[in-house]
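Listed below are the residues making up each chain.
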Amino acid sequence: MGLTQQELANIVDVTRQTIIALERGKYNPSLILAYKITLALKKKYIEEVFEIEN
Amino acid sequence: MIIAKPEWFSRRKYGGWGVNIKTWQGAVYLICVLSILVLIQTLPFWNTTQRLIITGGWLTFLFLDLVDVMWKLKKDERERMHEAIAERNAAWGMMLVLVIGVLIELLYYGLHHKLYVDPFLIGALIIGVIIKAVRNYWLGKHD
């Protein structure tokens, strides 16, 4: 997508630290945040962006 | 918003409660409010009662301004969760100390054949219980 962490953070209204935590798999987002990020990344399904780790 | 703007401050994480200065505007705000406080204390044409009332009024205003800033400080869901966990743990720590205080007082006065506990200790515990119960009830109804 070519978005920086800060740009994505601004679009979905969270801090850059939250984006970093998400990327590192250290924070599980709420459904609404996962949905916002999916939309911001122009994806159709949440599963295209996030996956459940066992 | 009264005077201070939330973007001038950040949430204090490691030094108790309140806010930290984030921008130069926040620093200017702090210098101004403290200068006014010093001015109130030093101006000669007020008697002690008037000075106390004016100081109390100014401090009340500052407290409300700070509460307003803290209320409006932007937090995302991760920061809110972190804050909630930290506040809960702080509340547990304080409750533990209060309960130990109550037990020590009961023991101490019991040894002197009296029954006394500092009302502030009991009051803090009762208020905590009431706030928790009310919040749980409200959350159960609305969330």
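Residues numbered from 1 in each chain as written. Chains lettered and ligands numbered in written order. Predicted model: local features only at pLDDT ≥ 70, side-chain atom pairs only at ≥ 80, totals over all residues. Heavy atoms only, no water.

Remarks on the overall build of chain B
- When helices and strands are tallied, chain B shows 4 helices and 2 strands.
- Helices (α) and strands (β) of chain B occur, in sequence order from the N terminus, as β-β-α-α-α-α.
- The C-alpha atoms of chain B give a radius of gyration of 21 Å, which is well past the 15 Å a tight globule of 143 residues would have.
- Overall, the C-alpha framework of chain B stretches about 55 × 45 × 30 Å when taken along its three principal axes.
- By the burial criterion, 22% of the 143 residues in chain B qualify as buried.
- Pairs at least 24 residues apart make up 41% of the contacts formed inside chain B by residues separated by at least 6 positions.
- Carbon and sulfur atoms provide 71% of the accessible area of chain B, an area that totals close to 10900 Å².
- In chain B, 16 positive and 11 negative side-chain charges are present, and the distance between their average locations comes to 1 Å. (Helix = DSSP H or I, 4+ residues; strand = E, 2+ residues; numbered from the N terminus. Rg over C-alpha atoms; globule rule 2.2 N^0.38 Å. Buried < 20%, exposed > 50% of the residue type's maximum accessible area, 1.4 Å probe, protein only. Contact = heavy atoms within 4.5 Å. Areas by Shrake-Rupley, 256 points an atom, 1.4 Å probe, with all protein chains shown as cover. Lys, Arg positive; Asp, Glu negative; His and termini not counted. Charge placed at Lys NZ, Arg CZ, Asp CG, Glu CD.)

Things to note about the nonpolar core
- Listed in full, the 12 residues of the largest apolar core are Leu8(A), Ala9(A), Val12(A), Val14(A), Ile19(A), Ala21(A), Leu22(A), Tyr27(A), Leu33(A), Ile37(A), Ala40(A) and Leu41(A).
- Elements represented by at least two residues in this core include exactly α1 (5-12), α2 (16-23) and α3 (31-40) of chain A.
- Filtering out sequence-adjacent residues up to four positions away, Leu33(A) remains in contact with Val12(A), Val14(A), Thr18(A), Leu22(A), Tyr27(A) and Glu77(B).
- Counting residues in each nonpolar core, the second largest holds 11 residues, with Tyr29(B), Trp58(B), Leu62(B) and Val69(B) among its members. (Core = buried A, V, L, I, M, F, W, Y, C linked by side-chain atoms within 4.5 Å.)

Remarks on the pattern of salt bridges
Residues and elements named next belong to chain B.
- For the structure on display, the rule yields 4 salt bridges over all chains.
- For the salt bridge of Glu83 with Arg11, the shortest nitrogen-to-oxygen distance reads 3.4 Å. On the criterion of sequence distance, the pair formed by Glu83 in helix α3 (residues 77-111) and Arg11 in strand β1 (residues 9-11) is long-range, its members being 72 residues apart.
- When its relative accessible area of 19% is taken as the criterion, Glu83 is described as buried.
- Where Lys72 meets Asp68, a salt bridge forms, and the shortest distance between an N and an O atom there is 3.2 Å. Of this pair, Lys72 and Asp68 are both found in helix α2 (residues 48-72), 4 residues apart, which corresponds to roughly one turn of the helix.
- Through salt bridges with shared partners, one network takes in Arg11, Lys75 and Glu83. (Salt bridge = Lys/Arg side-chain N within 4 Å of Asp/Glu carboxyl O.)

Side note on the confidence of the model for chain B
Residues and elements named next belong to chain B.
- Across chain B, the average pLDDT comes to 91, with 99% of residues at 70 or higher.
- Per-element averaging of pLDDT across chain B places β1 at the bottom with 89 and α3 at the top with 95.
- Scoring of the predicted complex yields 0.78 for pTM and 0.85 for ipTM. (pLDDT = per-residue confidence, 0-100.)

Looking at the packing of α3(B) against helix α4 (residues 119-142) of chain B
Residue and element names in this part refer to chain B.
- It is at 10 Å that the axes of α3 and α4 come closest, and there the two elements cross at 140 degrees. Judged by the inter-axis angle, α3 sits oblique to α4. α4 is crossed by α3, and the crossing has left-handed handedness. Contact residues: Met95, Leu98, Val99, Gly101, Val102 and Glu105 in α3; Leu121, Ile122, Ala124 and Leu125 in α4. (Axes fitted to C-alpha atoms, helices over the stretch in contact; angles between N-to-C directions. Parallel < 35°, antiparallel > 145°, perpendicular 65-115°, else oblique. Left-handed = near helix turned anticlockwise from the far one by under 90°.)

With respect to α3(B)
- Taking 1.5 Å per residue as the helical rise, α3(B) with its 35 residues ought to reach 51 Å, and the 51 Å between its terminal C-alpha atoms agrees with that figure.
- Of the residues making up α3(B), those classed as buried are Glu77(B), Arg78(B), Glu79(B), Glu83(B), Leu98(B), Gly101(B), Val102(B) and Glu105(B).
- Buried residues along α3(B) sit against α2 and α3 of chain A together with β1 and α4 of chain B.
- The N-cap of α3(B), judged by a side-chain oxygen 3.1 Å from the amide nitrogen of Arg78(B) a few residues on, is Asp76(B).
- Two residues or fewer past α3(B), His113(B) is found with a positive phi of approximately 55 degrees. (Expected span 1.5 Å × (residues − 1). Polar contact = N/O pair within 3.5 Å; in protein donor to acceptor, adjacent residues only side chain to side chain.)

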